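An overview of the molecular structure
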Amino acid sequence: MRIYFDHNATTPLDPEVADAMLAAGLETFGNPSSVHHFGQRAKTAIDEARSAVAALVGGEPSEVVFTSGGTESDNLAIRGGAMAAAAAGRRHLVTAGIEHEAVLNTVTALGKHGWTTTVLGVAASGILPPDRLREALTPETAMVSVMHANNEVGTIQPIAELAALARAAGALFHTDAVQSAGKIPIDVRGLGVDLASFSAHKLYGPKGVGALWIRRGVRLLPVLSGGRQERNRRPGTENVPGIVGFGVAARLAAQRLDDMGARLAALRDRLEAGVLALVPRTAVNGAGPRVPNTTNISVAGVEAESLLIALDLEGIAVSTGSACSSGTLEPSHVLKAMGLSNDRSQSSIRFSLGAGSTDGEVDHLLEVLPGAVARLRALTDRTR
Ligand code: PLP
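Since we're looking at a predicted model, the values are computed, not measured.

Surveying the vicinity of the ligand reveals 13 residues, the closest of which are Thr71, Asp176, Gln179, Ser199 and Lys202. One nitrogen or oxygen atom from the side chain of His100 is found 3.4 Å from an oxygen atom belonging to the ligand. Contact between the ligand and Ser199: an oxygen atom at 2.7 Å from a side-chain N or O atom of the residue. Here the ligand has 390 Å² of accessible area as a free molecule, and 85% of this is covered by the chains. For the shell around the ligand, the element with the most residues is helix H3 (residues 70-86), which contributes 3 residues. Counted by class, the shell around the ligand contains 2 nonpolar, 8 polar and 3 charged residues.

Laid out in C-alpha cells, this is it:
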C-alpha cells in the first residue's frame, strides 16, 4: 500500500487532463501564432484554457498570461511590476517571511539591484497582521507581495484587507495563489489584488505550466525578451498541450471545489485529531483560517527527516519544510518566520491530502504513526 500525503508538493495528473494533453499534442500541433488552420486551431485551444483559468479565479480571459509555472509567474509579477513602477520613482518592495522562495528570492535579488526591501514577520498563527503592513508602507513602496495560502502550514492571509492597504498607499499588490487555487474559491476582483500567480501542477494539471492574472490596466514590463505572444507579456511559442491540460484541470477544479473542500477538511480534521490524541507531545503549527487539505504537526523529540524516512518505509509519503543546504538541514523558513524554535521547526511534518485521499489511508497512518514515533524517540533517548 502506497499513500500519498504530499499534495502541496505536487498532485497526480487527472486522467481527463492527461487525455486532453495527449490529444492536443497529437492533433493541435500548430504554432498558435500561425495564421493558417493549424495555427488557429492551437490558438483556439489556448483561448479555451484561458477562459477556464479565468473562470476559476474570477478574472477576465484577457487578463490571464500563461507562463512556465508558479515560479515564473511570481518572477513576472514582481520583476515586471517593479520595473514598471521604478519609472514612477517607487523602489521599495514589501513581502512576508513565510513566502515561497520564488517570491522571497526574487525580492532578495532585486534588493541587490538598488531596491529597498522589507520582509515582514508574521504572528505565531502564520498570519500577517495588517498593522505590520500598514507600518511598512511608504510613498516609495512599488509593490507588496503576500501569498494567499501558505504551502507549509496552509494558513490563509487576510488578502482583501492587505490589498486595500497597499492600494491606499499607491502600491501594487501581488498574491501568490499557487496553494489556494483549486482548494478554496478565489475571486481576484473581490480580493482587490492587482496580480495573482497560479500553477497547474498543484491542481491535478501538468508540471511546467502556470498563469499570472494581471488586472486590466496594471503596467508590467516583460521579463523575457522575444516575440509578441501573450499580448507582449510573455514571449515564446506557447506550451499548447500543457496549457490545454491546465485549462481542463481548472475546469475540473471549479466543478469539484465545494465537494472536495468539505470532504478533505473532514478528513484532515480527523487525521489531525487522531495524531494529537494518539501521539503524545504533538502540536499543530499555524492557526486561523487554513486551506482544507493541509496540516503541519510538530512531534517533540523527533527529527522530522527521520520520521519522514520511517513513514516512507511504511509506504506513506509526507514532507518537512527543512531545506538541505551545504549538507546540513536548515529549519523551515516559514516556521522560523512564525517564531517557532529551531527544535520545534525541525520536528515538524506536513500532511497534505488530495482528491485521491481516503478514510482508509488516514486510518492506516494513525495505525503506523504512534509506533514509528515511539521507536524514533526511544532511539534518541538511548543516544543522549
Ligand atoms: N509558490 C508556492 C506557494 C508554491 O507552493 C510553489 C510550489 O511549490 C511555487 C510558488 C512554485 O510553483 P512551480 O513549481 O509551478 O514553479
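Now that the structure has been shown, we can carry on.
So, about the sheet that holds strand S7 (residues 195-199). Pairing in this open sheet of 7 strands is mixed, and the strands run S2-S8-S7-S6-S5-S3-S4 from one edge to the other. In this open sheet, the two strands that pair with only one neighbour each are strand S2 (64-67) and strand S4 (116-120). With direction set aside, neighbouring strand axes in the sheet form an average angle of 20°. Across the face of the sheet, helix H6 (residues 159-168) comes into contact with strand S5 (141-145) and strand S6 (172-176) while running at roughly 155° to S6.

Let us look at the side chain of Thr175. Structurally, Thr175 is set in strand S6. Note on Thr175: relative accessible area 1%, which makes it buried. Separated by 2.7 Å, the side chain of Thr175 and the backbone oxygen of Val146 make a polar contact. If we skip the residues at most four places from it in the chain, Thr175 touches Val146, Met147, His148, Ile159, Val193, Leu195, Ala196 and Ser197.

A separate point is the packing of H3 against helix H4 (residues 101-111). A pair of packed helices is captured by two measures, namely the crossing angle of their axes and the spacing between those axes. At a minimum axis distance of 9 Å, the contact between H3 and H4 shows a crossing angle of 30°. Classed by the angle they form, the pair H3 and H4 counts as roughly parallel. The handedness of the crossing between H3 and H4 is right-handed. Judged by residue contacts, Thr71, Asp74, Asn75, Ile78, Arg79 and Ala82 of H3 engage Ala102, Val103, Thr106, Val107, Ala109 and Leu110 from H4.

Under the defined criterion, the tally for this structure stands at 17 salt bridges. Ionic pairing is found between Glu63 and Arg189, a salt bridge with its closest N-O pair at 2.4 Å. Here Glu63 is found in the loop between helix H2 (37-57) and S2, whereas its partner Arg189 is found in helix H7 (residues 188-191), with 126 residues between them in sequence. One salt bridge in this structure joins Arg375 and Glu314, with 3.7 Å as the shortest N-O distance. Placement of the pair is Arg375 in helix H13 (residues 359-383) and Glu314 in the loop between helix H10 (304-313) and strand S11 (316-317), with a sequence separation of 61 residues. The class of Arg375 is exposed, set by a relative accessible area of 52%. Glu314 sits in the partly exposed class, given a relative accessible area of 34%.

The 3 strands lie next to each other as S9-S10-S14, forming an open sheet whose pairing is antiparallel. Two strands lie at the open edges of the sheet, namely strand S9 (282-284) and strand S14 (348-352), each paired on one side alone. Between one strand axis and the next, the sheet turns by 30° as a mean value, whatever way the strands run. Its contacts with the sheet put helix H9 (residues 240-278) on S9, strand S10 (294-299) and S14, and the angle it makes with S10 is roughly 10°.

Bringing the packing of H2 against H9 into the picture now. At a minimum axis distance of 8 Å, the contact between H2 and H9 shows a crossing angle of 35°. Two packed elements cross with a definite hand, and for H2 against H9 that hand is left-handed. On H9, the residues touching Ala42, Ala45, Ile46, Ala49, Ala52, Val53 and Leu56 of H2 are Val240, Ile243, Val244, Phe246, Gly247, Ala250, Arg251, Ala253 and Ala254. Among the residues making up the contact of H2 with H9, the classes are represented as 14 nonpolar, 1 polar and 1 charged.

A complete count under the given rule lists 2 aromatic pairs for this structure. Centroid distance Phe29 to Phe38: 5.5 Å. Interplanar angle 35°. Geometry classified as tilted. Centre to centre, the rings of Phe66 and Phe246 are 6.1 Å apart; their planes meet at 65°, and the pair counts as edge-to-face. Of the two residues, Phe66 sits in strand S2 while Phe246 sits in helix H9, which places them 180 residues apart along the sequence.

Parsing the protein into structural domains produces domain 1 (3-10 + 257-382) and domain 2 (15-252). If you average the C-alpha positions of domain 1 and of domain 2, the two centres end up 28 Å apart. Listed by partner, the interface residues are 26 residues for domain 1 and 30 residues for domain 2. Summed over both sides, the interface between domain 1 and domain 2 buries roughly 2300 Å², with carbon and sulfur atoms accounting for 57% of that surface. At the surface where domain 1 touches domain 2, the tally comes to 0 salt bridges. Joining domain 1 to domain 2, the criterion identifies 16 residue pairs in polar contact (both at pLDDT 80 or more). Elements represented by at least two residues in the side of domain 1 that touches domain 2 include exactly H9, S10 and helix H11 (333-337). With 4 residues, the top contributor of residues to the side of domain 1 that touches domain 2 is H11. Among the residues forming the side of domain 1 that touches domain 2, the class breakdown is 12 nonpolar, 12 polar and 2 charged.

Criteria and thresholds
- Residues numbered from 1 in each chain as written.
- Predicted model: local features only at pLDDT ≥ 70, side-chain atom pairs only at ≥ 80, totals over all residues.
- Heavy atoms only, no water.
- Near = heavy atom within 4 Å.
- Polar contact = N/O pair within 3.5 Å; in protein donor to acceptor, adjacent residues only side chain to side chain.
- Areas by Shrake-Rupley, 256 points an atom, 1.4 Å probe, with all protein chains shown as cover.
- Helix = DSSP H or I, 4+ residues; strand = E, 2+ residues; numbered from the N terminus.
- Nonpolar A, V, L, I, M, F, W, Y, C, P; charged D, E, K, R; others polar.
- Pairing = 2+ DSSP bridges.
- Axes fitted to C-alpha atoms, helices over the stretch in contact; angles between N-to-C directions.
- Contact = heavy atoms within 4.5 Å.
- Buried < 20%, exposed > 50% of the residue type's maximum accessible area, 1.4 Å probe, protein only.
- Parallel < 35°, antiparallel > 145°, perpendicular 65-115°, else oblique.
- Left-handed = near helix turned anticlockwise from the far one by under 90°.
- Salt bridge = Lys/Arg side-chain N within 4 Å of Asp/Glu carboxyl O.
- Phe/Tyr/Trp six-rings, centres within 6.5 Å; stacked < 30°, edge-to-face > 60°.
- Domains from an automatic or database assignment.
- Buried area = accessible area lost by both parts, 1.4 Å probe.

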